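# Per-entry structural report
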Amino acid sequence: MKIIRIFNLCSIFLILCFFIKTIVEYFQYNDQLNSAPFYLWIIVNAMMFILPAIILFIIRKIMERKMRKG
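Conventions adopted
Residues numbered from 1 in each chain as written. Predicted model: local features only at pLDDT ≥ 70, side-chain atom pairs only at ≥ 80, totals over all residues. Heavy atoms only, no water. Core = buried A, V, L, I, M, F, W, Y, C linked by side-chain atoms within 4.5 Å. Buried < 20%, exposed > 50% of the residue type's maximum accessible area, 1.4 Å probe, protein only. Helix = DSSP H or I, 4+ residues; strand = E, 2+ residues; numbered from the N terminus. Contact = heavy atoms within 4.5 Å. Phe/Tyr/Trp six-rings, centres within 6.5 Å; stacked < 30°, edge-to-face > 60°. Patch = residues over 30% accessible without salt bridge, like charges linked within 9 Å, V, L, I, M, F, W, Y side chains within 5 Å. Areas by Shrake-Rupley, 256 points an atom, 1.4 Å probe, with all protein chains shown as cover. Salt bridge = Lys/Arg side-chain N within 4 Å of Asp/Glu carboxyl O. Lys, Arg positive; Asp, Glu negative; His and termini not counted. Charge placed at Lys NZ, Arg CZ, Asp CG, Glu CD. Expected span 1.5 Å × (residues − 1). Bend = angle between axes of the 7 residues up to and from the residue.

Soluble globular proteins: nonpolar side chains tend toward being buried together. Counting six residues, the largest nonpolar core consists of Phe7, Leu14, Phe18, Phe49, Ala53 and Leu56. Listing elements by their share of this core, those giving two or more residues are helix H1 (2–28) and helix H2 (38–69). Among all residues touching Phe18, those that are not within four sequence positions of it are Ile42, Asn45, Ala46, Phe49 and Ile50.

Printed below as a string of structure tokens:
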């Protein structure tokens, strides 16, 4: 049960990091200096933070099911 809480905390932490990093980059973004549109930065941030959070969430769900059965 302790590992499930750790996975929850890590998922929440990753999601918070995604929002914080995206907001900080939004204020630092400059149209004239960056050739890539800002939505690409959001996609990269999502791949770095949201995707691992989803993976941890799926692993947590699988572990919960196995703990309930066995």
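For the structure shown, the criterion picks out six aromatic pairs. Among the aromatic residues, those joined into a cluster by ring pairs are Tyr26, Phe27, Tyr29, Phe38 and Trp41.

Taken together, the side chains of Lys61, Arg65, Arg68 and Lys69 present a region of like positive charge at the surface. Note on placement: Lys69 falls in helix H2.

This part takes up H2. For H2, built from 32 residues, the straight-helix expectation of 46 Å at 1.5 Å per residue is met to within 8% by its first-to-last C-alpha distance of 46 Å. The largest bend in H2 amounts to roughly 40 degrees and is located at Ala46. The complete set of buried residues in H2 reads Phe38, Asn45, Phe49, Ala53, Leu56, Arg60 and Glu64. For H2, the elements touching its buried residues are H1.

Its place among the elements puts Arg60 in helix H2. Ignoring anything within four residues of it in the chain, the contact list for Arg60 reads Ile4, Phe7 and Asn8.

The full count for this structure, using the stated rule, is two salt bridges. Residue Lys21 pairs with Glu25 through a salt bridge whose shortest N-O separation is 2.4 Å. Separated by four residues within a single helix, Lys21 and Glu25 lie in helix H1, roughly one turn from each other. A relative accessible area of 28% means that Lys21 is categorised as partly exposed. With its nearest N and O atoms 3.0 Å apart, the salt bridge here joins Arg60 to Glu64. Pair noted here: Arg60 and Glu64 are both in helix H2, with a separation of four residues, about one helical turn. When sorted by exposure, Arg60 lands in the same class as Glu64, which is buried.

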